[in-house]
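One letter stands for each residue in the lines below.
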Amino acid sequence: MRTLGGAGHPSRDAEPEALDWDSALPRWRGTLRWKVERAAKVALDRIGALVLLVLLAPVLAVVGVLIRLDSPGSILHPMDWVGYRGRRFRGYKLRTMVVGADEKKAELLRYNEMTGPVFKMRNDPRITRLGRFLRRTSLDELPQLWSVLKGDMSLVGPRPPMETEYAGFEPWQKLKLAVTPGMTCTWQVSGRSAIARFDEWIRLDLEYVNGWSFWLDLKLLLKTIPAVLGGRGAG
């Protein structure tokens, strides 16, 4: 079954939560225009992810070798994310931290620069030398193109929270997942980790969800290019 948010089958389904997900969507949801633009979004996601994976395969191969040379550990870091309407899925990023980073997180919580259930620390000591470069250029996020190709994610949409983060969301904050989560969104082009208030991050995501259109996606994709190249707000 294809979801309203444009995703295919998530890799790990969960029982949908009792939230009024549709209340976060535009008023014109369900119209012919909605169906046409959502179909265009799905096509853009699948074709775009496939083309980018093919074109960037040499880059991923080189970066993978550099990660292994820079520090011990695997090349990919598995992520347990929450996606469309509370459904769980397994995704991946290129590893940017030392082995055992998750176990060391508790020691750093007092340095958290983000309010709410999300942890952000600009000078996180767990990040490797190469990892800082990968994060600044967003190269660490390239494996998410595979999640886009599978339908767990979209090129554009609110960032998927980790399961541990989602557990701390208030009901209204969860509504940002009324659509399929994505690799870039309003937050990505509005300062990224420079935004320190979690509620502001959620507000930007909900504005995107409520004002969504295919043309908004194209606009955000174009804005993402200079934001990533300039490393704006990366951390």
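Above this text sits the structure in question.
Here's what I pulled together on the structure shown here. Bear in mind that the values here come from a model prediction, so they are computed numbers and not experimental data.

It is worth spelling out the overall build of the protein chain at this point. Check the secondary structure of the protein chain and you find 8 helices and 4 strands. The burial tally for the protein chain puts 49% of its 235 residues in the buried class. Pairs at least 24 apart in sequence give 74% of the contacts found in the protein chain among residues at least 6 apart. In the structure as shown, the protein chain presents an accessible area of about 11600 Å², 62% of it carried by carbon and sulfur atoms.

Before going further, it helps to examine unusual backbone geometry. In this model, Arg-85 sits at a positive phi of 55°, which is unusual for a non-glycine residue. Look at Ser-138: it is not a glycine, yet its phi comes out positive at around 65°. Relative to the helices and strands, Ser-138 is located in the loop between helix H3 (129-137) and helix H4 (144-150). For Ser-138, a relative accessible area of 9% gives the class buried.

The next point concerns the pairing of strand S2 (residues 88-94). As paired elements, strand S1 (residues 76-82) and S2 share 7 bridges and run antiparallel to each other. Bridging from a neighbouring strand, His-77 pairs with Lys-93 of S2. Linking S1 back to S2 in an antiparallel pair, the connection comprises 5 residues, with Arg-85 at a positive phi of about 55°.

What follows concerns helix H8 (residues 214-229). Taking 1.5 Å per residue, 16 residues should reach 22 Å; H8 reaches 24 Å between its end C-alpha atoms and fits that length. The set of residues buried in H8 consists of Phe-214, Asp-217, Leu-220, Thr-224, Ala-227 and Val-228. Residues of H8 that are buried sit in contact with helix H1 (32-70), H3, strand S3 (154-156), strand S4 (182-184) and helix H7 (198-210).

For an α-helix, 3.6 residues make a turn, and residues three or four places apart therefore share a direction. Taking 1.5 Å per residue, 13 residues should reach 18 Å; H7 reaches 18 Å between its end C-alpha atoms and fits that length. Within H7, the full set of buried residues consists of Phe-198, Trp-201, Ile-202, Leu-204, Asp-205, Tyr-208 and Val-209. On an axial view of H7, the arc spanned by its buried residues comes to 155°, and they lie on one face. Those residues of H7 that are buried are in contact with H1, S3, helix H6 (171-174) and H8.

On inspection of all chains with the given rule, the structure shows 9 aromatic pairs. With centroids separated by 5.2 Å and ring planes inclined at 75°, the aromatic side chains of Trp-28 and Trp-34 adopt a geometry described as edge-to-face. In this structure Trp-34 comes out as buried when scored by relative accessible area, which is 3%. Look at Phe-214 and Trp-215: their rings are 5.4 Å apart centre to centre, the planes differ by 75°, and that puts the pair in the edge-to-face class. Here Phe-214 falls in the buried class, since its relative accessible area comes to 13%. On the basis of relative accessible area, Trp-215 is assigned to the exposed category, the value being 57%. What links up through ring pairs into an aromatic cluster is the set Tyr-166, Phe-169, Trp-187, Phe-198 and Trp-201.

This brings us to a nonpolar patch on the surface. Nonpolar side chains collect at one region of the surface, where Val-62, Val-65, Leu-66 and Leu-69 lie side by side and expose about 390 Å² of accessible area between them. Note on placement: Leu-69 falls in helix H1.

Right, let's talk about the nonpolar core for a bit. By size, the foremost hydrophobic cluster in this structure holds 40 residues, and its most contacted members are Leu-145, Phe-198, Tyr-208 and Val-209. Secondary-structure elements contributing two or more residues to this core are H1, S1, H4, S3, H7 and H8. No other element matches H7, which puts 6 residues into this core. The next biggest cluster of nonpolar side chains, apart from the first, holds 5 residues, and it includes Val-63, Ile-67, Leu-94 and Leu-130.

Each value, and the rule that gives it
- Counting of residues starts from 1 at the beginning of each chain's written sequence and follows it residue by residue.
- In keeping with the model being predicted, local features are shown solely for residues with a pLDDT of at least 70 and side-chain atom pairs are shown and tallied solely at 80 or more, while totals for entire chains, interfaces and linings include all residues.
- Hydrogens and water molecules were not included; the side-chain quantities draw on all heavy atoms of the structure.
- Elements are defined by DSSP. Helices are runs of H or I of four residues or more, strands are runs of E of two residues or more, and each kind is numbered from the N terminus.
- Think of it in three bands: residues with accessible area under 20% of the maximum for their type are buried, residues over 50% are exposed, and the middle band is partly exposed, with areas taken using a 1.4 Å probe on protein chains only.
- Pairs of residues are marked as contacts when any of their non-hydrogen atoms sit within 4.5 Å.
- Accessible areas in this description were obtained via Shrake-Rupley with a 1.4 Å probe; residue shielding takes into account the shown protein chains only.
- Each pair of strands is called paired provided DSSP finds at least two bridges between the two strands.
- Take the residue count of a helix, subtract one, and multiply by 1.5 Å to get its expected span.
- Directions are taken from the helix axis to each C-beta atom, and the arc is the one they span.
- Any pair of Phe, Tyr and Trp rings, taking the six-membered ring for Trp, is counted once the centres come within 6.5 Å. Such a pair is stacked with planes under 30 degrees apart, edge-to-face with planes over 60 apart, and tilted for the rest.
- Every patch collects residues that have over 30% relative accessible area and no salt bridge, joining them within 9 Å if they carry like charges and within 5 Å if they are nonpolar side chains (Val, Leu, Ile, Met, Phe, Trp, Tyr).
- The salt bridge definition used is simple: a Lys or Arg side-chain nitrogen within 4 Å of an Asp or Glu carboxyl oxygen.
- In this description, a nonpolar core means a group of buried Ala, Val, Leu, Ile, Met, Phe, Trp, Tyr and Cys residues linked to one another through side-chain atoms lying within 4.5 Å.

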